[in-house]
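# Reading the structure
Residues per chain are reported as follows:
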Amino acid sequence: MIAPLLVWAAIGLFTALGFAIALRAARANTGTAGDYYIAGRDVGGMVAGLSYAATTYSAFMLVVLTGLTYRGGAGALGFELIYFAGLSLLVIFAPRFWLVARRWGFISPAEMIGARYGCRMVARLMAVVSLVFLLPYCTTQMAGIGLLLSGVTDGGISLFGAVATGAALAMFWAVLAGLRSVAWTDAVLSVVMLVSGVLAVGFAVSALGGWSAFAQGLATDHGAWLGVPGSGLWSLPTFVALAVPWFFFALSNPQVSQRLFVLRDFRAMRRMILWVLGFGFVFTLIAVAWGFAALQLVPGLENSSMATPALLTSGVVPVWVALLLILGILSAAVSTLDSIALAVGAMIARDFIRREGVSNDGLQILAGRIVIVGVILFASYFALQKAQIVDQLAALSAAGLLVTVPPIIGAFFWSRGTAAGALAGILGGAAVAVWMAILQGVSVFNPLLPFTVGGVSTALFVGVSLITRPRAGALDFAAEIAEDLSRHRAW
């Protein structure tokens, strides 16, 4: 156990640093919606890359992925590497997102897709669907904070206290200065995540006698965890069911795709992609190695999600390293909460509040702030209640967001796509996802769920588009940015 007073002291220093950065960011804001939600499109490559990494490599990594490794072995590495491979989509879509956002002033991904099909209803539907499927994901971040802080202090920090702390930090950073404060704090704290992870794994492996003994002990005592499909958790259907939705994460999740709007220029974009890929690869190895170390040092856990708290309190990791890792995980969870709340707030502000030809930036920012507070309060409440319906929806989140992928791909590569097709694909796919997962009880571990949802959404988008006509006000992204893509030598 780590003394609660030490944990609170570390969180206090962490909070002071974050507040200083957030206040500095607030002074840099100019009061426009574009400045609040996407930092005035003036973020450099390193900051954008570290912010993207902190947002996407959330508390999931050292809580859930480590737990999956502890429970099922090497399949967890393969699963996460599928997500990592999906980051290659950035090479194709990042230049396109950035170019059209610059040309037409888009702030939210939903706004962009709605304009492409000439229909604000497409944007609104995409915003609502994203909100529905992202709220439970926020809840899992809050639950991760609670599990971590209460676990390492053996209940010395209550679940309520842990969740309230995470909520307060997330609200302050996002509400005060928007994306600029979130990105700046992400950039600093992602370094804490990486350094603390490397140190923690190093000490854990050292306690086992070094890397050679670590590998030998794993092969001797837990050989099944190194095979395929593994020790029982992973099977081919389970692997496919979880990996397919994650491959498209970079497109389907607006909190990360919106990061493509914030970049200063093409050079910053290339640097961002390199930072994300480098950070992601190293952090994936850290999370999996940490899980294998926990398997050997704290065997027999009934709840594999407790692997990280158990290892941190086992005595093999110095307290100061454990505190750094706790702060890294806390910052990752807060970053993901902030980014989701900002993305959803931007979609509501731009697609429900904004009026054409009317300057109402203040109202858009106010609406976004209300949404941010609402999202974080929702996540906090249900993390404390542990409501079953949220557990079911959380399992559905990744598969549900697949419904936005066909119209996003079509926006750039299929000029025949129509607003009616986009509406049908998003609404029909979302309805099927809810019906299968909630009403029929189809498990998230069943590949039938993502393949059916993705298949229905794609079929409806293509089929309805073929029998309807594009709207008069629809934009042709492919034709409009072809020259710019060629000039920048983008794929």
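Residues numbered from 1 in each chain as written. Predicted model: local features only at pLDDT ≥ 70, side-chain atom pairs only at ≥ 80, totals over all residues. Heavy atoms only, no water.

Turning to the overall build of the protein chain, a few remarks are in order. Scanning the protein chain from terminus to terminus reveals 23 helices and zero strands. In terms of C-alpha radius of gyration, the protein chain reaches 22 Å, essentially the compact-globule figure of 23 Å for 491 residues. Once the C-alpha set of the protein chain is aligned to its principal axes, its extents read approximately 70 × 50 × 45 Å. Burial analysis of the protein chain (491 residues in total) assigns 57% to the buried set. Here the analysis covers contacts within the protein chain between residues at least 6 apart in sequence; of these, 86% occur between residues at least 24 apart. If you sum the accessible surface of the protein chain, you get close to 18000 Å²; carbon and sulfur atoms cover 67% of it. (Helix = DSSP H or I, 4+ residues; strand = E, 2+ residues; numbered from the N terminus. Rg over C-alpha atoms; globule rule 2.2 N^0.38 Å. Buried < 20%, exposed > 50% of the residue type's maximum accessible area, 1.4 Å probe, protein only. Contact = heavy atoms within 4.5 Å. Areas by Shrake-Rupley, 256 points an atom, 1.4 Å probe, with all protein chains shown as cover.)

Non-glycine residue Ala39 carries a positive phi angle of around 55 degrees. With respect to the element layout, Ala39 can be found in the loop between helix 2 (33-38) and helix 3 (45-56). One non-glycine residue, Arg41, lies in positive phi territory at about 55 degrees. Within the element layout of this structure, Arg41 appears in the loop between helix 2 and helix 3.

Before going further, it helps to spend a moment on the pattern of salt bridges. Close approach of charged atoms allows side chains with opposite charge to pair. A full pass over the atoms with the stated rule returns six salt bridges. For the salt bridge of Asp42 with Arg264, the shortest nitrogen-to-oxygen distance reads 2.9 Å. Of this pair, Asp42 sits in the loop between helix 2 and helix 3 while Arg264 sits in the loop between helix 14 (254-257) and helix 15 (266-297), placing them 222 residues apart in sequence. The class for Arg264 is partly exposed, based on a relative accessible area of 41%. Counted as one network, the salt bridges with shared partners bring together Arg103, Glu480, Asp484 and Arg487. (Salt bridge = Lys/Arg side-chain N within 4 Å of Asp/Glu carboxyl O.)

Now for the packing of helix 9 (residues 159-177) against helix 17 (residues 319-353). Between helix 9 and helix 17, the least distance of the axes is 9 Å, while the angle of their chain directions is 50 degrees. It follows from the interaxial angle that helix 9 and helix 17 lie oblique. Taken as a pair, helix 9 and helix 17 cross one another with a handedness that is right-handed. Contacts between helix 9 and helix 17 pair Gly166, Leu169, Ala170, Met171, Trp173 and Ala174 from the former with Leu330, Val334, Leu337, Asp338 and Leu342 from the latter. Classifying every residue of the contact of helix 9 with helix 17 by side-chain character gives nine nonpolar, one polar and one charged. (Axes fitted to C-alpha atoms, helices over the stretch in contact; angles between N-to-C directions. Parallel < 35°, antiparallel > 145°, perpendicular 65-115°, else oblique. Left-handed = near helix turned anticlockwise from the far one by under 90°. Nonpolar A, V, L, I, M, F, W, Y, C, P; charged D, E, K, R; others polar.)

Tracing the backbone through its elements, the reader meets Val152 in helix 8 (residues 120-152). Expressed as a C-alpha distance, the spacing of Val152 and Ser235, which sit 83 residues apart in the sequence, is 32 Å. Apart from residues no more than four positions distant in its own chain, Val152 is found in contact with Met1, Ile2, Pro309, Leu312, Thr313 and Ile326.

The next thing to look at is the packing of helix 17 against helix 18 (residues 361-385). Close contact between helix 17 and helix 18 brings their axes to 8 Å; oriented N to C, the two are set at 135 degrees. Comparing their axes, helix 18 and helix 17 come out oblique. Two packed elements cross with a definite hand, and for helix 17 against helix 18 that hand is right-handed. Taking contact as the criterion, the partners of Leu337, Ala341, Leu342, Val344, Gly345, Ile348, Ala349, Arg350 and Ile353 in helix 17 are, on helix 18, Leu363, Gln364, Ala367, Gly368, Val371, Ile372, Val375 and Ala379.

Here we take up helix 1 (residues 4-28). When the terminal C-alpha atoms of helix 1 are compared, their 36 Å separation across 25 residues agrees well with the 36 Å that a helix rising 1.5 Å per residue should span. Those residues of helix 1 that fall on the buried side of the exposure criterion are Val7, Ala10, Ile11, Phe14, Thr15, Gly18, Ile21, Ala22 and Ala25. Where helix 1 is buried, its residues contact helix 8, helix 9, helix 10 (179-207) and helix 17. (Expected span 1.5 Å × (residues − 1).)

A word on the packing of aromatic side chains. The description of two aromatic rings rests on the distance between their centres and on the angle between their planes. Evaluation of the coordinates by the stated rule reveals 24 aromatic pairs. Relative to Tyr37, the ring of Tyr36 has its centre 5.0 Å away and its plane inclined at 85 degrees; by these criteria the two rings are edge-to-face. Comparing Tyr36 with Tyr37 shows no difference in burial state: the two are buried. Ring-pair connections join several aromatic residues into one group, and the members of that group are Phe93, Phe97, Trp104, Phe106, Phe261, Phe412, Phe413 and Phe477. Taking the ring centre of Trp104 as reference, the NZ or CZ of Arg103 above it sits at 5.7 Å. (Phe/Tyr/Trp six-rings, centres within 6.5 Å; stacked < 30°, edge-to-face > 60°. Lys NZ or Arg CZ within 6 Å of the ring centre and 35° of its normal.)

When the pLDDT values of the protein chain are averaged, the result is 86; 96% of them are 70 or greater. Here helix 19 (residues 388-400) stands out as the element of the protein chain with the lowest mean pLDDT, 61, in contrast to helix 20 (residues 405-413), whose mean of 96 is the highest. (pLDDT = per-residue confidence, 0-100.)

This part takes up the side chain of Ser380. Within the fold, Ser380 resides in helix 18. With a relative accessible area of 9%, Ser380 lands in the buried category. The contact partners of Ser380, leaving out residues within four places of it in the chain, are Met142, Val163 and Ala167.

A cluster of nonpolar residues, Leu81, Val198, Phe281, Val282 and Leu285, forms a patch on the protein surface that exposes about 380 Å² of accessible area. Of all the elements, helix 15 adds the most residues to the nonpolar patch, at three residues. In this structure, Val198 sits in helix 10. (Patch = residues over 30% accessible without salt bridge, like charges linked within 9 Å, V, L, I, M, F, W, Y side chains within 5 Å.)

Take the environment of Val317 next. Relative to the assigned elements, Val317 resides in the loop between helix 16 (307-312) and helix 17. For Val317, a relative accessible area of 4% translates into the label buried. The contact partners of Val317, leaving out residues within four places of it in the chain, are Ala200, Phe203, Trp290, Leu311 and Ala322.

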